[in-house]
Amino acid sequence: MTLAHGRQYLAIPGPSVMPDRVLQAMHRAAPNIYTGELHDMVGGMIPDLRALARTRHNVAIYIANGHGAWDASLANTVNRGERVLVLATGRFGLGWGDAARGMGIETETLDFGKQSTIDPDQLSAALAAPGAGDYKAVLMVQTDTSTSVKNEVQAVRAALDAAGHPALLMVDCMASLGCDPFEMDDWGVDVMVAGCQKGLMTPPGLGFVFFNDRAAAQRETVQFVPRYWDWKPRADPQEFYQYFGGTAATHHAYGLRAALDMIGEEGLENVWSRHATLARAVWAAAEIWGADGPIRLNIADPALRAHSVTAFRTGMPYGRLLRDWVTENAGVTLGIGVGMNTPEDPRADGYFRIGHMGHVNAHMILGVLGVIEAGLIALDIPHGQGAVAAAAKVCAAHPAG
Ligand SMILES: *Cc1c(COP(=O)(O)O)cnc(C)c1O
């Protein structure tokens with residue numbers, strides 16, 4: 001017997017919950033790809049995508065997940081044999097660097113571990129080191145979904161400026177776009193990569209690369225850009241098929257259109273503020289659970305925590321037991337501990353994550369926290385009392401809309 005029957009909630013940090021409105025927009029016969037509504041709709045999404053990234057520059061759309069957007073960003077900016085500097089604060093920073101090595105790009109990695117942010121002093125030292133002048137790009141992740149750290153983009157920009165270093169600043173916003181504040185132009189970001197399946201609430205399948213004029217100029221120094229990954233025709237198509245480098249992602253485009261409408265109707269700042277409050281609700285509960293037991297937030301400093309995902313350390317094997325309990329008994333799937341494996345904990349049994357990105361509201365987050373608390377009780381995992389009430393208080397204090 002189980003209490004899991006009812007609507008399932010995939011509370012992992014991507015793919016995120018898809019709004020019914022997005023799914024319904026996709027549920028249709030194949031549209032005409034030669035002319036008409038689809039053409040207008042795709043063209044009309046470009047300004048909305050730019051507004052989301054806070055840029056007046058270019059965006060290229062790919063039929064790809066985030067890994068595809070990583071490859072696309074590098075294929076347009078760095079030649080084989082050239083060097084990039086990778087700033088890693090978890091699995092995804094490391095992954096982007098690995099994507100670069102797969103393309104024959106040399107990487108230098110500053111690894112800040114699994115519980116901290118980028119240290120600007122170490123970055124400045126690396127930019128001043130012998131040979132550092134030839135870095136073509138600096139790669140960073142705004143929110144590393146594995147650790148749930150949120151890195152300060154402006155601090156990295158400031159270090160590059162202070163060093164007078166010309167490398168492109170490339171930022172992965174897969175887990176933060178449409179969740180946490182991000183200002184591409186104001187923050188001096190040259191290239192930004194994102195996907196549709198997190199804050200943008202659309203099934204996995206579209207990747208985005210935003211790029212400014214500096215990045216467009218660097219594209220001209222790249223000797224071989226695979227046709228499919230070339231961002232030029234996608235960002236400035238002469239023919240409709242060039243938006244997608246071939247057949248359009250017809251149904252994804254309808255889904256994304258609906259998602260962009262929803263974000264537009266709520267207002268991007270309100271979307272950010274909703275995510276901020278829901279994140280604080282999660283943290284409030286976590287801190288109370290942890291006051292009397294093994295539950296800990298992976299990122300100790302609230303200023304460094306993402307608003308879209310929260311990583312928990314529980315000690316072995318409580319993370320796995322809790323994940324299994326809520327799946328079997330409550331219809332909720334929690335995120336696993338990606339990149340947290342150690343020789344002592346090879347399956348990352350001592351971790352779980354809550355995804356709170358995109359189409360999530362107070363009842364979903366309070367529900368997740370409530371079922372985690374039920375799991376803590378059922379599994380006899382020690383925890384402080386009053387966590388869900390503390391989260392409810394945070395929600396109650398959200399400014400009225
Ligand atoms: C999800 C994610 C990716 C990878 O996206 P996929 O769609 O799984 O390829 C990259 N970076 C970050 C920060 C992510 O959260």
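For the structure itself, consult the block above.
Source: prediction; values computed, not measured. Starting from 1, residues in each chain are numbered consecutively following that chain's sequence as written. This being a predicted model, a pLDDT of at least 70 is required before a residue's local features are given, and a value of 80 or more before pairs of side-chain atoms are given or counted; all residues contribute to the totals for chains, interfaces and linings. The basis for the side-chain values is all heavy atoms of the structure; hydrogens and waters are excluded.

(A) Examining the overall build of the protein chain more closely. Helix numbering and strand numbering both begin at the N terminus, where a helix is a DSSP run of H or I of at least 4 residues and a strand a DSSP run of E of at least 2. Within the protein chain, the regular secondary structure consists of 13 helices and 14 strands. Radius of gyration here is computed from C-alpha atoms only, and the compact-globule reference equals 2.2 Å multiplied by the residue count raised to the power 0.38. Relative to the 2.2 N^0.38 estimate, which gives 21 Å for 401 residues, the radius of gyration of the protein chain is 21 Å and therefore close to what a compact globule would have. For the C-alpha atoms alone, the extent of the protein chain along its principal axes is close to 60 × 55 × 40 Å. Accessible surface for the protein chain amounts to roughly 16,300 Å². Of this, 54% is attributable to carbon and sulfur atoms. The positive count covers Lys and Arg only, the negative count covers Asp and Glu only, and His and the chain ends enter neither. Every charge is mapped onto a representative atom, which is NZ of Lys, CZ of Arg, CG of Asp or CD of Glu. Across the protein chain, the mean location of the 31 positive side-chain charges is 2 Å away from that of the 41 negative side-chain charges. With residues, only the protein chains shown are counted as cover, and all accessible areas are computed by Shrake-Rupley using a 1.4 Å probe.

(B) Quick look at the sheet that holds strand β10 (residues 206–211). Note on pairing: DSSP must find at least two bridges between two strands before they are called paired. With respect to topology, 7 strands assemble into an open sheet ordered β2-β10-β9-β8-β5-β3-β4, the strand pairing being mixed. The sheet is open, and its two borders are formed by β2 (58–63) and β4 (106–111), each paired with just one other strand. On average, each strand axis in the sheet is inclined to that of its neighbour by 20°, with strand direction left out of account. Sheet topology places strand β8 (residues 168–172) next to strand β9 (residues 191–195); 3 bridges connect them, and they run parallel. Note on β9: the bridge partner recorded for Asp-172 is Val-193. When checking whether two residues touch, look at their non-hydrogen atoms; a contact exists if any pair is within 4.5 Å. In this analysis, axes come from line fits to C-alpha atoms, helices being fitted only over the stretch in contact, and the angle between any two N-to-C directions falls in the range 0 to 180 degrees. Its contacts with the sheet place helix α5 (residues 120–128) against β3 (83–88), β4 and β5 (135–141), and it is angled at close to 170° to β3.

(C) Here's a closer look at the state of the cysteines. In what follows, a disulfide is any cysteine sulfur pair within 2.5 Å. Across all of its chains, the model carries 0 disulfides by this definition. A disulfide-free cysteine, Cys-179 has its sulfur positioned 10 Å from the sulfur of Cys-173, the nearest such atom. We call a residue buried when its accessible area falls under 20% of the maximum for its residue type, exposed when it is over 50%, and partly exposed in between, using a 1.4 Å probe and counting protein chains only. With relative accessibility at 0%, the residue Cys-179 sits in the buried group.

(D) Main features of the site of the ligand. Only a single heavy atom is needed: when it lies within 4 Å of a molecule or strand, its residue is near that molecule or strand. Around the ligand sit 13 residues, and of these His-67, Thr-145, Asp-172, Gln-197 and Lys-198 come closest. Two N or O atoms form a polar contact when they lie within 3.5 Å of each other; inside protein one atom must be a possible hydrogen donor and the other a possible acceptor, and for residues adjacent in sequence the pair counts only when both atoms belong to side chains. Gly-66 is positioned such that a nitrogen or oxygen atom in its backbone is 2.8 Å from an oxygen atom of the ligand. Between the ligand and Lys-198 there is a distance of 2.6 Å, counted from an oxygen atom to a side-chain nitrogen or oxygen. Considered on its own, the ligand offers 370 Å² of accessible surface; in the complex 90% of this is hidden by protein. The element best represented in the shell around the ligand is helix α3 (residues 66–75), accounting for 3 residues.

(E) Representation of the environment of Pro-13 within the structure. Examined against the element boundaries, Pro-13 turns out to sit in the loop between β1 (9–11) and α1 (20–26). Accessibility expressed as a relative area gives 4% for Pro-13, which makes it buried. The spatial distance from the C-alpha of Pro-13 to the C-alpha of Leu-379 is 24 Å, given a sequence separation of 366 residues. With near-sequence residues (within four places) excluded, Pro-13 lies in contact with Thr-145, Lys-198, Val-309, Gly-335, Arg-353, Gly-355 and Met-357.

(F) Here's a closer look at the pattern of salt bridges. A pairing counts as a salt bridge when a side-chain nitrogen of Lys or Arg comes within 4 Å of a carboxyl oxygen of Asp or Glu. Taken as a whole and assessed by the stated rule, the structure comprises 20 salt bridges. For the salt bridge of Lys-150 with Asp-180, the shortest nitrogen-to-oxygen distance reads 2.6 Å. Of this pair, Lys-150 sits in strand β7 (residues 149–150) while Asp-180 sits in the loop between β8 and β9; the two residues are 30 residues apart in sequence, bridging distant segments of the chain. Summarising the burial analysis for this pair, Lys-150 and Asp-180 share the class buried. Residue Asp-190 is joined to Arg-214 by a salt bridge in which the shortest nitrogen-to-oxygen separation is 3.1 Å. You can see Asp-190 sitting in the loop between β8 and β9 and its partner Arg-214 sitting in helix α7 (residues 213–219), a full 24 residues away along the chain. In this structure Arg-214 comes out as partly exposed when scored by relative accessible area, which is 37%. Put simply, Arg-157, Asp-161, Asp-190 and Arg-214 are held in one network by salt bridges that share partners.

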